[in-house]
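Tertiary structure, described
In case you want the letters, here they are:
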Amino acid sequence: MLAREWTAHIIWTLRRNGPIRFGALRRALPGRISARVLSLRLKELEDIGIVRRVERGGKILHVEYSLSADGLQMDDAILALEQQAGSDPTRLTRR
């Protein structure tokens, strides 16, 4: 799942921005992701328990996304890989 395009970026961004609405998440991601792809990835991550989706009521209904406990562990794993690579990310590639 982590190898899918945008997945690691979404997890990383959710960890650093806390509960966040869809549009704000899209703007916070590095690069340009289409709304369709972001929606698809969030749904996939929600289905496997990495992302939590919460509907907030009021006059206008809106949805916030955050990481679940499993998502926080996933981010810790991403951070560990990032630290292992250090300044040379090619260290983690196949030879």
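Structure's up top.
Below or above, wherever it landed, is the structure these notes cover. All residue numbers refer to position in the chain's written sequence, counted from 1. Under the rules for a predicted model, residues below a pLDDT of 70 receive no local features and side-chain atom pairs below 80 are neither given nor counted, while totals for whole chains, interfaces and linings still include all residues. Side-chain numbers come from the whole structure's heavy atoms, not from hydrogens or water.

**With respect to the environment of Gly-31**
Helix numbering and strand numbering both begin at the N terminus, where a helix is a DSSP run of H or I of at least 4 residues and a strand a DSSP run of E of at least 2. Counting through the fold element by element, Gly-31 comes out in the loop between α2 (22-28) and α3 (35-47). Exposed residues in this analysis have more than 50% of their type's maximum accessible area, buried residues have under 20%, and partly exposed residues fall in between, with area computed by a 1.4 Å probe over protein chains only. With a relative accessible area of 59%, Gly-31 lands in the exposed category. For Gly-31 and Trp-6, which are 25 residues apart along the polypeptide, the C-alpha to C-alpha distance reads 9.8 Å.

**Observations regarding the packing of helix α1 (residues 7-17) against helix α4 (residues 69-85)**
A fitted line through C-alpha atoms represents every axis, and for helices the fit uses only the stretch in contact; the resulting angles, taken between N-to-C directions, go from 0 to 180 degrees. Running from N to C, α1 and α4 cross one another at 110°; their axes reach a closest spacing of 10 Å. Taken together, the axes of α1 and α4 lie roughly perpendicular to each other. Of the residues in α4, those in contact with Ala-8, Ile-11, Trp-12, Arg-15 and Arg-16 of α1 are Gly-71, Leu-72, Met-74, Asp-75, Asp-76, Ile-78, Leu-79 and Glu-82. Classifying every residue of the contact of α1 with α4 gives seven nonpolar, one polar and five charged. Any angle that falls under 35 degrees is termed roughly parallel, while one over 145 is termed roughly antiparallel, one within 65 to 115 roughly perpendicular, and all others oblique. Throughout, a contact is declared for two residues whenever any of their heavy atoms are within 4.5 Å. Here the term charged refers only to Asp, Glu, Lys and Arg, the term nonpolar to Ala, Val, Leu, Ile, Met, Phe, Trp, Tyr, Cys and Pro, and the term polar to all other amino acids, Gly among them.

**Side note on the sheet that holds strand β3 (residues 62-67)**
Pairing in this open sheet of three strands is antiparallel, and the strands run β1-β3-β2 from one edge to the other. A strand with exactly one partner marks an edge of an open sheet, and here the two such strands are β1 (20-21) and β2 (51-56). Relative to β3, β1 runs antiparallel, the two being bridged by two bridges. Residue Arg-21 lies in a different strand from β3, and its bridge partner there is Glu-64. Across the sheet, α1 touches β1, β2 and β3, and the angle it forms with β3 is around 100°. Between any two strands, at least two bridges found by DSSP are needed for them to pair.

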